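Survey of secondary and tertiary structure
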Amino acid sequence: MKLFVLLALAVISWVDPATVKKINNAKSAAEEAFKQGDYTAAIKHYHYLVDSLGVHEDEVLLNLANASYLAKDTANAFTHYQSVIESPKTDIRSKAFQQLGIMANQQGRAEEALNYFKQAIKAEPSNDDARYNYEMLKKKLEEKKKQEEQQQKNKDDQKQDPQNQDQQKKEQQEKDKQEQQKKDEQDKDQQQKDKEQQEKEQKEQEEKEKQEQEQQQEQEKKEAEKEEMPNLDREKLEQMKISEDKARMILEAMKNQEKQYLQQQKRKPSKSRDRNQPDW
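Because the structure is a prediction, the values reported are computed rather than measured.

Here the focus is a negative patch on the surface. Together, Glu 206, Glu 207, Glu 209, Glu 212 and Glu 214 line one region of the surface with negative charge. By the secondary structure assignment, Glu 207 is in helix α9 (residues 162–228). For Glu 207, a relative accessible area of 42% gives the class partly exposed.

Bringing helix α7 (residues 110–123) into the picture now. Helix length check: α7 (14 residues) gives 20 Å between terminal C-alpha atoms against 20 Å at 1.5 Å per residue, within 8%. Every buried residue of α7 is listed here: Ala 110, Ala 113, Leu 114, Tyr 116, Phe 117, Ala 120, Ile 121 and Ala 123.

With that settled, the discussion passes to helix α2 (residues 17–35). For α2, with 19 residues, the first-to-last C-alpha span of 27 Å sits near the 27 Å given by 1.5 Å per residue. The set of residues buried in α2 consists of Ile 23, Ala 26, Ala 30 and Ala 33. Along the axis of α2, the buried positions cluster into a sector of 100 degrees, meaning they face one direction only. Those residues of α2 that are exposed and aimed more than 90 degrees away from the buried face are Pro 17, Lys 21 and Lys 35.

Next up on the list: the environment of Ala 30. By secondary structure assignment, the location of Ala 30 is in helix α2. Linking Ala 30 and Lys 44, residues 14 residues apart in sequence, is a C-alpha distance of 7.9 Å.

A complete count under the given rule lists 4 salt bridges for this structure. The partner of Lys 89 in a salt bridge is Glu 59, with the nearest N and O atoms 2.3 Å apart. Placement of Lys 89 in the loop between α5 (74–82) and α6 (90–106) and of Glu 59 in helix α4 (residues 58–70) is noted, with a sequence separation of 30 residues between them. Judged by relative accessible area, Lys 89 falls into the partly exposed class, the value being 38%. Between Lys 183 and Asp 187 there is a salt bridge whose closest N-O contact spans 3.3 Å. With a gap of 4 residues between them, Lys 183 and Asp 187 both fall in helix α9, about one helical turn apart.

Definitions and cut-offs
Residues numbered from 1 in each chain as written. Predicted model: local features only at pLDDT ≥ 70, side-chain atom pairs only at ≥ 80, totals over all residues. Heavy atoms only, no water. Patch = residues over 30% accessible without salt bridge, like charges linked within 9 Å, V, L, I, M, F, W, Y side chains within 5 Å. Areas by Shrake-Rupley, 256 points an atom, 1.4 Å probe, with all protein chains shown as cover. Salt bridge = Lys/Arg side-chain N within 4 Å of Asp/Glu carboxyl O. Lys, Arg positive; Asp, Glu negative; His and termini not counted. Charge placed at Lys NZ, Arg CZ, Asp CG, Glu CD. Helix = DSSP H or I, 4+ residues; strand = E, 2+ residues; numbered from the N terminus. Buried < 20%, exposed > 50% of the residue type's maximum accessible area, 1.4 Å probe, protein only. Expected span 1.5 Å × (residues − 1). Arc of directions from axis to C-beta.

The analysis is restricted to geometry; functional conclusions fall outside its scope.
Here it is as structure tokens:
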């Protein structure tokens, strides 16, 4: 009897190696398509695993749900997430609840989403993403509730006291007026700053152009001076150990001295010729 039971278990647990290979190939293809962002192809491979090869692993079903969600097939995504919220694996259960919460929140069902996030944290306390979503959504709902209560209170106050309504209206008008004045002053200050900045940039540009013009004139002057100076024998200058610039300075000084000498000669009065003496 024991032998029969063992043989039965062996037959049940035995899997065709060819089928195992197909399963592994389909999983690899699905994972690769998912990584590449081809969610339609990933869904096709996951359906092949589930429907044709009879694979009902929670990981495969969760990945099928994720691929459907990313492919914007929310109806099937919801169904597949629901299929694993009873999974014995807490991490899978938590992720499924978290995604259901995200979908519910996107569809405007905030209270339902909050409950899903709570279930996700309960299944896996270390799920920080679910905890963050829960806290943010809870805070948002509390703020919304306060706003609604304040709005209702304002409506009740207005119904009970018409005079108070007029007073609130005046206060709001005064507040709007002050805010507009403040905005006008800020705009005026900004315009003044823009004008000053523009003037500064214009002045800097003019100064830059002036400097460039002076540099160009100086360069032209130097080039003109070089053209007026005679060509110097470089070999002789090297023998005399005198640089070309120094030689030009000496020539320029000599030229200036020559000009001064000529000017002095022009100023000296010429001697009057004695008419009684012959020209020769």
